[in-house]
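Listed below are the residues making up each chain.
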Amino acid sequence: MKKTLLSLGLAFLSVFAWADEGMWLMTFIERLKYSDWQKEGLKLTPEEIYSVNNSSLKDAIVQFGGYCTGEMISDQGLLLTNHHCGYGVIAELSSEQNDYLKDGFWAYEKSQEIKPENLYVRYLIRMDNVTDRVLQKLKPNMAAQARSEAIAAEFEKIQTENAENGKYVVEVKSFYGGNEFYYFVYQDYTDVRLVGAPPSSIGKYGGDTDNWEWPRHTGDFALFRVYADANGNPAEYSPSNVPLKPKHSLPIKISGVKAGDFAMTIGYPGSTSRYMTSYGIEQATKVEFPAWISAANTAMVAMKKNMDKSDKVRINYASSYSRLANYWKNRIGMTEALGKLKTVDKKRAYEKDFNTWAQKDKANYGKVVSNIQKYYDGSNDYVRNRTYLIRGFWSGSQLSRLPYTINNLWDSYKQQTPENQAEMLPKLTQQIQDMYEKLDTTTEIDILTALLNGYVQEIPAKDIIPEVNAIKQQHRNFESFASAVRNQSVFVSADKVIAAINAKNEDAIKKDVLTPFSTALVNSLRNVPDAQKKLQADYDENYRKFISGLRATYPERIFYPDANFTMRLSTGKVAGLPENPVRPSDDPSNYFTTLQGTMMKYVPGDEEFDHPVKLLKLYNTKDYGRWAAPDGRLHVNFLTDNDITGGNSGSPVISGKGELIGLAFDGNWEAMSGDIEFEKELQRTINVDIRYVLFIIDKFAGAQNIIDELKLVQ
């Protein structure tokens, strides 16, 4: 007999199901909380929110670039997302002559729109529950490896059945620690072009200082357009492609919001760990996050030093630096909030209740929590080392990765026949040139040197990659190694690599001074020690039981699945925070900010708090057009109590009638623990007021062509 979501998964929706807590799977709206949402102000039917056969809200929402969310806002393929989501693309398209990061970019007709190298958007076609089907392939007490192989085999069959010979991308994902399984069918569009972006002094206003903070005054938005072939199908870039006519686009409400208004977000939240145990939190705050913060900061300092010296380096490294800085501050905030809010104590209370319940079935559940504790106790050293390697070398140092990649390319090239080599060589040459297009040798050597010094200081000697110790023994110190890299390595420039390949000088590549370290770095990340594999397998089994047992421990509560980059819906309301005496808001209600507050932060010439001259003029003349609030002020950002996380960046904030009222872009410092424990009283979503977006497009950029595309409603 097929289990419904109510019988199989309803109990998995939250340890505590507060009214506005939860990132909900789209297909089960009607059976879960729809009646509650109606009371809160939702006017749409479930079919108008999610439908496979008819146009619905889901058809206006896309996964943007694989890491953010975007929404369709016109019937001509116009897409709205965050400036920080498009930041890497804007940087890619920028140059010293056309610095779109600094100056912004606006296409006043479609022919001026710019196509980046690699950008795609993903539309959800449908999803479904395949839990029963997968579980039928699993046997009781199945070994971890056999279980994984059986699941993978069934996943592959489901993907093949639904892909329609490559028309769709199909993902099958596990939920609730591997207790349930769902598949998702997507369609990707790869011809996506930049339409408009404000200068960073608007789109990134406040920089790292204001990141994760309220009050906020950031115009964090950018515009793109999705193109298709004449029949509306995905197509590679071509001048003959036409703007996609989406199945649904969002009307835009321009009358504003007030405290208590219903607010809904739909997007692709990336990752939460709401059922993490107290032992997991202790590892995160005492082992993982400190290594992460240290590694990222080390790379950032070395990177920023060179960015400040050169506009070219600043543009080329802007995206990498921004990504590092975002997570660096996030982990600082999470550490602080998890401690301040005593999240470990809350988790221990759940575990105590679980253990009491587990006495009813000691054989299956009696040692679950203690076994989870064993995993964390046994993995601390491994996690500390791996975190530094990933968050420092892998994320921050291109020179750490490139030698391994180029060695692999060389191995593939040399195995070809002379005829095939001749055919491959131009493509290989171009590929290597592309790798080095935005690499600065001095910056890279500084980053690598700083990370090596930091690595041996932060990581216990027994865990350090042997090749790092070999570098120190051979070169006395890492500064000496840096000199050897600069003077001897072929990997410091594309020209040297290409010359070595043209000369078929294998020793220049294989015996390069950087090759041993780069190879060891990648191998250490790929090759998990057997002892760690055993710990992980034991943990996976016990975590599945832990989630299953929580359902029985709290039968009256509902549990939602952790975020995993699948489309989710969150409901809430416009709601302020208690005013921060250190960072007072420019409005006493403290649920919105204004352009006046933006000007209160103004520091001429400052990297984070400067203003464009035109914005200053518009403020001084109060030339806000029809985008001002009834009292004449121009609202910039506002707060809601929606439940979101990373990946939701760019998600639309939608009224009860399905109208776009804002654009989600951040969370607040007071509740940085939110990925692990939802804090009902403190957790907020920071949004760009859609009227500020329209003001910048209209009055600041003068892009009437964009305004004309939109469906504006009162």
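The notes below deal with the structure included here. No experiment lies behind these values; they were computed from the predicted model shown.

1. With respect to the state of the cysteines
Here is step 1: Per the counting criterion, the structure on display carries one disulfide.
Here is step 2: Each sulfur in the disulfide pair Cys68 and Cys85 lies 2.1 Å from the other. Between Cys68 and Cys85, the S-S dihedral sits near -80°, and the bridge is therefore left-handed. Residue Cys68 is located in strand S3 (residues 68-72), and its partner Cys85 is located in helix H5 (residues 83-93); the two are separated by 17 residues in the primary sequence.

2. Remarks on the nonpolar core
Here is step 1: Formed by 105 residues in total, the largest nonpolar core has its most connected members in Leu223 and Tyr692.
Here is step 2: With 56 residues, the next largest nonpolar core counts Tyr436, Phe478, Val485 and Leu525 among its residues.

3. As for the packing of helix H15 (residues 368-396) against helix H18 (residues 441-458)
Here is step 1: Running from amino to carboxyl end, H15 crosses H18 at an angle of 175°, the nearest separation of the two axes being 10 Å. Viewed along their axes, H15 and H18 adopt a mutual orientation that is roughly antiparallel. Residues Arg384, Asn385, Tyr388, Leu389, Gly392, Phe393 and Gly396 of H15 pack against Ile447, Leu448, Leu451, Leu452, Gly454, Tyr455 and Glu458 of H18.

4. Topic: unusual backbone geometry
Here is step 1: In this model, Trp214 is joined to Pro215 through a cis peptide bond whose omega is 5°.
Here is step 2: Relative to the helices and strands, Pro215 resides in the loop between helix H10 (207-210) and strand S10 (222-228).
Here is step 3: Phi is positive for Trp212, which is not a glycine, with a value near 70°.
Here is step 4: Here Trp212 lies in the loop between H10 and S10.
Here is step 5: Here Trp212 falls in the buried class, since its relative accessible area comes to 14%.
Here is step 6: If you check the backbone angles, Lys504 has positive phi at about 50° while not being a glycine.

5. Here's the deal with the side chain of Thr265
Here is step 1: Assignment of secondary structure puts Thr265 in strand S13 (residues 262-267).
Here is step 2: Ignoring sequence-local partners within four residues, the contact set of Thr265 consists of Arg568, Leu569, Ser570, Asn642, Ile644, Pro652 and Val653.

6. What to know about the pattern of salt bridges
Here is step 1: Taken as a whole and judged by the stated rule, the model has 40 salt bridges.
Here is step 2: The closest approach of N and O atoms between Lys58 and Asp59, which form a salt bridge, is 2.8 Å.
Here is step 3: Relative accessible area serves as the criterion here: at 1%, Lys58 is assigned to the buried category.
Here is step 4: Accessibility expressed as a relative area gives 6% for Asp59, which makes it buried.
Here is step 5: A salt bridge links Lys510 to Asp411; the nearest nitrogen and oxygen atoms lie 2.7 Å apart. Of this pair, Lys510 sits in helix H22 (residues 506-510) while Asp411 sits in helix H16 (residues 398-414); the two residues are 99 residues apart in sequence, bridging distant segments of the chain.

7. Describing the packing of aromatic side chains
Here is step 1: On inspection of all chains with the given rule, the structure shows 33 aromatic pairs.
Here is step 2: Between the aromatic rings of Tyr388 and Phe393, the centroid separation amounts to 6.2 Å while the plane-to-plane angle is 55°, which identifies the pairing as tilted. There is no split in this pair, since Tyr388 and Phe393 are both buried.
Here is step 3: Look at Tyr591 and Phe592: their rings are 4.9 Å apart centre to centre, the planes differ by 70°, and that puts the pair in the edge-to-face class. Each of the two residues, Tyr591 as well as Phe592, counts as buried.

8. Describing helix H23 (residues 515-526)
Here is step 1: End to end, H23 covers 16 Å across 12 residues, agreeing with the expected 16 Å (1.5 Å per residue, within 8%).
Here is step 2: Taken as a whole, H23 has its buried residues at Thr515, Phe517, Ser518, Ala520, Leu521, Val522 and Leu525.
Here is step 3: As for H23, its buried residues are in contact with H15, H16, H18, helix H19 (466-475) and H22.

9. A few points about the pairing of strand S8 (residues 180-189)
Here is step 1: With 10 of 10 residues buried, S8 lies mostly within the body of the structure.
Here is step 2: Neither face of S8 is left uncovered, since the one carrying Glu180, Tyr182, Phe184, Tyr186 and Asp188 and the one carrying Phe181, Tyr183, Val185, Gln187 and Tyr189 both have all their residues buried.
Here is step 3: One ladder, built from eight bridges, connects strand S6 (residues 121-129) with S8; its direction is antiparallel. Across the sheet, Asp128 pairs through a bridge with Tyr183, a residue of S8.
Here is step 4: Pairing geometry for strand S7 (residues 169-175) and S8, over seven bridges, is antiparallel. Bridging across to S8, Glu171 finds its partner in Phe184.
Here is step 5: Here S7 hands over to S8 after four residues, with Tyr176 in that stretch at a positive phi of 55°.

10. Topic: the pairing of S13
Here is step 1: In terms of burial, S13 is largely enclosed, as six of its six residues are buried.
Here is step 2: Along S13, one buried face is formed by Phe262, Met264 and Ile266 and the opposite face, lined by Ala263, Thr265 and Gly267, is buried too.
Here is step 3: Sheet topology places S13 next to strand S14 (residues 568-573); six bridges connect them, and they run antiparallel. Its bridge partner lying in S14, Gly267 is registered against Arg568.
Here is step 4: With two bridges joining them, S13 and strand S17 (residues 652-654) adopt antiparallel strand pairing. The partner of Thr265 across the bridge, within S17, is Val653.

11. Points about the environment of Tyr624
Here is step 1: Considering the arrangement of structural elements, one finds Tyr624 in the loop between helix H26 (613-620) and strand S16 (635-640).
Here is step 2: In this structure, the C-alpha to C-alpha distance between Tyr624 and Phe700, residues 76 residues apart in sequence, is 9.4 Å.
Here is step 3: In this structure Tyr624 touches Leu595, Leu618, Tyr619, Gly632, Arg633, Leu634, Phe695 and Lys699, once residues within four positions along its chain are discounted.

12. Looking at the side chain of Asp261
Here is step 1: If you trace the backbone, Asp261 turns up in the loop between strand S12 (252-253) and S13.
Here is step 2: When residues no more than four places from it in sequence are discounted, the contact partners of Asp261 are Gly256, Gly572, Lys573 and Val574.

13. What about the packing of H15 against H16?
Here is step 1: Axis separation between H15 and H16 bottoms out at 5 Å; the angle between their running directions is 70°. One element, H15, and the other, H16, form an angle in the roughly perpendicular class. In this structure, H15 contributes Phe393, Trp394, Ser395 and Gly396 to the contact, and H16 contributes Gln398, Ser400 and Arg401.
Here is step 2: A breakdown of the residues in the contact of H15 with H16 according to their chemical character gives two nonpolar, four polar and one charged.

Scoring rules and cut-offs
- Residues numbered from 1 in each chain as written.
- Predicted model: local features only at pLDDT ≥ 70, side-chain atom pairs only at ≥ 80, totals over all residues.
- Heavy atoms only, no water.
- Disulfide = S-S within 2.5 Å.
- Helix = DSSP H or I, 4+ residues; strand = E, 2+ residues; numbered from the N terminus.
- Core = buried A, V, L, I, M, F, W, Y, C linked by side-chain atoms within 4.5 Å.
- Buried < 20%, exposed > 50% of the residue type's maximum accessible area, 1.4 Å probe, protein only.
- Axes fitted to C-alpha atoms, helices over the stretch in contact; angles between N-to-C directions.
- Parallel < 35°, antiparallel > 145°, perpendicular 65-115°, else oblique.
- Contact = heavy atoms within 4.5 Å.
- Salt bridge = Lys/Arg side-chain N within 4 Å of Asp/Glu carboxyl O.
- Phe/Tyr/Trp six-rings, centres within 6.5 Å; stacked < 30°, edge-to-face > 60°.
- Expected span 1.5 Å × (residues − 1).
- Pairing = 2+ DSSP bridges.
- Nonpolar A, V, L, I, M, F, W, Y, C, P; charged D, E, K, R; others polar.

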